[in-house]
Amino acid sequence: MKKLLLLALLLPLTVLAVESDYVLVIKDHQFQPAELTVPAGKKIKVVIENHDASPEEFESHSLNREKLIAANASVSIYIGPLAIGRYPFYGEFNEATAQGVIVAK
Amino acid sequence: MLSTAIIVFREVLEAAMIIGIVSAATRDVRGRKLWLTAGIILGLLGSGLVAASTGLIASLASGVGQELFNASVLGVAVLMLAWHNVWMASHGAQLASHARNVGARISEGRSECSILLVVVGLAVLREGSETVLFLYGISASAASGANSMLFGGLLGTLAGIAVGYTLYAGLLRIPMRWFFAATGMLVMLLAAGMASSAAHFLIQADVLPSLASPLWDTSAQLSEHSILGMLLHGLIGYDARPAGMQVVFYITVLALIQLGMQWAEKPKKSI
């Protein structure tokens, strides 16, 4: 039973592996790249790596996403499927510099 | 300073409103203040702990540990609130007629105290950990203006508490005849909103399908970041861009609590 459960738990991971990941890096309270192009109409996984020594919060009103990233940590976030368009996001803890946009094409 | 105040206000507001509603709904529980205080203190201690282990939590479950953690915390709170309402409904007849006596009876129910403790504790834990991290980030950066930003944080905290207290004081003014119906309705909506948030986290973690993302978009009419939007988000779980699954969770929890309350009322009526 336990093995079955484990297998069932691992199943989504195999699906994930096929999906391509997009990476956003936070450094000096800035997102790199500041503009990330992704395909429209598909669910995507974005990996956010925080290279700063302070925590940050990825926030986007248009994507309806909010996620904490601890200092020097990396997290995953799932978004979409998105309609074609521009989706601005920012780092809530350093809003002045941490700005970016996801472009769905 | 103002932006800091707003960020902290948003976090504190939600917890403060939950505490306001829950402590009003349990107005007659004996020793309520003690349990309430214990819940807040435990929640604050927990916030520090969660904030300190954010990196660890986030790295669990391949980067979506934070979502799973939040969804679990919300799930427990929803269960507790549902239990509260069903329990109150089973004492509905007495509650409406002679509330004073029932106050004594409620106080016999230790379960209400633990509900108060857990719901308040979890609310503070969830909203508090983010505030702690944010303020820690500010003071650690030691940039110029850190003091004024911390002052902003203090202002935001006080403003949030003020709204929560106003809500509490306002609820207590509701005449006894309608009081339990009104707070019961608020608790039900609060629980449904939390269920919707839990679904939101699980979608963000790719545990649940979104069904539609978003199902509707009313951000132009009523932004979640306006004062009214924030209040409605905290009170009834308003979301300007909800996923279909969130709406499913919201309606399901409303229906289940309603059914539970009706089921609990029935035996009393037949007596």
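Residues numbered from 1 in each chain as written. Chains lettered and ligands numbered in written order. Predicted model: local features only at pLDDT ≥ 70, side-chain atom pairs only at ≥ 80, totals over all residues. Heavy atoms only, no water.

Draft legend 1. Representation of the confidence of the model for chain B in the model. Residue and element names in this part refer to chain B. When pLDDT is averaged along chain B, the result is 87, and 89% of the positions lie at 70 or above. No element of chain B has a lower mean pLDDT than helix 6 (residues 99-108), which averages 53, and none a higher one than helix 9 (residues 176-204), which averages 94. Both scores are given for the predicted complex: the pTM is 0.86, the ipTM 0.79. (pLDDT = per-residue confidence, 0-100. Helix = DSSP H or I, 4+ residues; strand = E, 2+ residues; numbered from the N terminus.)

Draft legend 2. Focus on the interface of chain B and chain A. Counting residues at the interface gives 27 residues for chain B and 22 residues for chain A. Both sides together, the interface formed by chain B and chain A hides about 2200 Å², and carbon and sulfur atoms give 49% of it. On the chain B side of the interface with chain A, the three residues burying the most area are Q204, D206 and R241 of chain B, jointly 25% of the side's total. The interface formed by chain B and chain A contains 16 residue pairs in polar contact (both at pLDDT 80 or more). Those elements that place two or more of their residues in the side of chain B that touches chain A are helix 1 (2-25), helix 3 (54-59), helix 4 (65-90), helix 7 (110-141) and helix 9 of chain B. With four residues, the top contributor of residues to the side of chain B that touches chain A is helix 7 of chain B. Of the residues that constitute the side of chain B that touches chain A, the class distribution is eight nonpolar, twelve polar and seven charged. (Contact = heavy atoms within 4.5 Å. Buried area = accessible area lost by both parts, 1.4 Å probe. Polar contact = N/O pair within 3.5 Å; in protein donor to acceptor, adjacent residues only side chain to side chain. Nonpolar A, V, L, I, M, F, W, Y, C, P; charged D, E, K, R; others polar.)

Draft legend 3. Spotlight on the packing of aromatic side chains. Residues and elements named next belong to chain A. Inspection of the entire model under this criterion finds six aromatic pairs over all chains. Considering the side-chain rings of F58 and F89, the 5.0 Å spacing of their centres and the 35° angle between planes classify their relative orientation as tilted. Placement of F58 in strand 5 (residues 56-60) and of F89 in strand 8 (residues 85-91) is noted, with a sequence separation of 31 residues between them. Residue F58 is classed as buried on the basis of its relative accessible area of 2%. (Phe/Tyr/Trp six-rings, centres within 6.5 Å; stacked < 30°, edge-to-face > 60°. Buried < 20%, exposed > 50% of the residue type's maximum accessible area, 1.4 Å probe, protein only.)

Draft legend 4. Inspection of unusual backbone geometry at higher detail. Going from Q32 of chain A to P33 of chain A, the amide bond is cis rather than trans, its omega being -5°. The topology assignment puts P33 of chain A in the loop between strand 2 (30-32) and strand 3 (35-38). Here the residue pair S213 of chain B and P214 of chain B is connected by a cis peptide bond, since its omega of -10° sits within 30 degrees of zero. In this structure, D28 of chain A is a non-glycine residue whose phi angle is positive, near 50°. We classify D28 of chain A as exposed; its relative accessible area is 56%.

Draft legend 5. Broad picture of the environment of G152 of chain B. Residue and element names in this part refer to chain B. Among the structural elements, G152 can be located in helix 8 (residues 146-172). Classification of G152 by relative accessible area gives buried; the value is 0%. Residues G152 and V8, 144 residues apart in the sequence, show an inter-C-alpha distance of 8.2 Å. If we skip the residues at most four places from it in the chain, G152 touches M1, T4 and A5.

Draft legend 6. Layout of the packing of helix 4 of chain B against helix 9 of chain B. All names here are of chain B. In the contact formed by helix 4 and helix 9, the axes pass within 8 Å of each other and the chain directions differ by 160°. Looking at the two axes, helix 4 sits roughly antiparallel to helix 9. Viewed along their axes, helix 4 and helix 9 form a crossing whose handedness is left-handed. Residues belonging to the contact of helix 4 with helix 9 are distributed by class as follows: 17 nonpolar, six polar and one charged. (Axes fitted to C-alpha atoms, helices over the stretch in contact; angles between N-to-C directions. Parallel < 35°, antiparallel > 145°, perpendicular 65-115°, else oblique. Left-handed = near helix turned anticlockwise from the far one by under 90°.)

Draft legend 7. Up close: the sheet that holds strand 4 (residues 44-50) of chain A. All names here are of chain A. On the basis of which strands lie adjacent, the open sheet formed by four strands has the order 2-1-4-7 and mixed pairing. The sheet is open, and its two borders are formed by strand 2 and strand 7 (74-79), each paired with just one other strand. Across the sheet, the axes of successive neighbouring strands diverge by a mean angle of 25°, strand direction being ignored. Examined bridge by bridge, strand 1 (residues 21-27) and strand 2 share three bridges and lie antiparallel to one another. If you follow V25 over to strand 2, its bridge partner there is Q32. (Pairing = 2+ DSSP bridges.)

Draft legend 8. Molecular detail of the sheet that holds strand 6 (residues 65-69) of chain A. Residues and elements named next belong to chain A. Across the sheet, five strands lie side by side as 3-9-8-5-6; this open sheet has mixed pairing. Two strands bound the open sheet, and with one partner strand each, they are strand 3 and strand 6. Neighbour-to-neighbour, the strand axes of the sheet open up by a mean angle of 20°, direction not taken into account. Direction of pairing for strand 8 relative to strand 9 (residues 99-104): antiparallel, over a ladder of six bridges. Within strand 9, the residue paired with Y90 across the bridge is Q99.

Draft legend 9. Representation of the nonpolar core in the model. With 50 residues, the main nonpolar core has I18, I21, L81, V119, M194, V253 and I257 of chain B as its most contacted residues. Sorting the residues of this core by element identifies helix 1, helix 4, helix 7, helix 8, helix 9, helix 10 (227-236) and helix 11 (244-270) of chain B as the ones contributing at least two each. Examining the composition of this core, we find that 14 residues originate from one element, helix 9 of chain B, more than from any other. With sequence-adjacent residues up to four places away left out, L81 of chain B is seen in contact with V22, V119, V187, L190, A191 and M194 of chain B. In terms of nonpolar packing, the next biggest core, distinct from the first, is built from 22 residues, V46, Y87 and A98 of chain A together with A58 of chain B among them. (Core = buried A, V, L, I, M, F, W, Y, C linked by side-chain atoms within 4.5 Å.)

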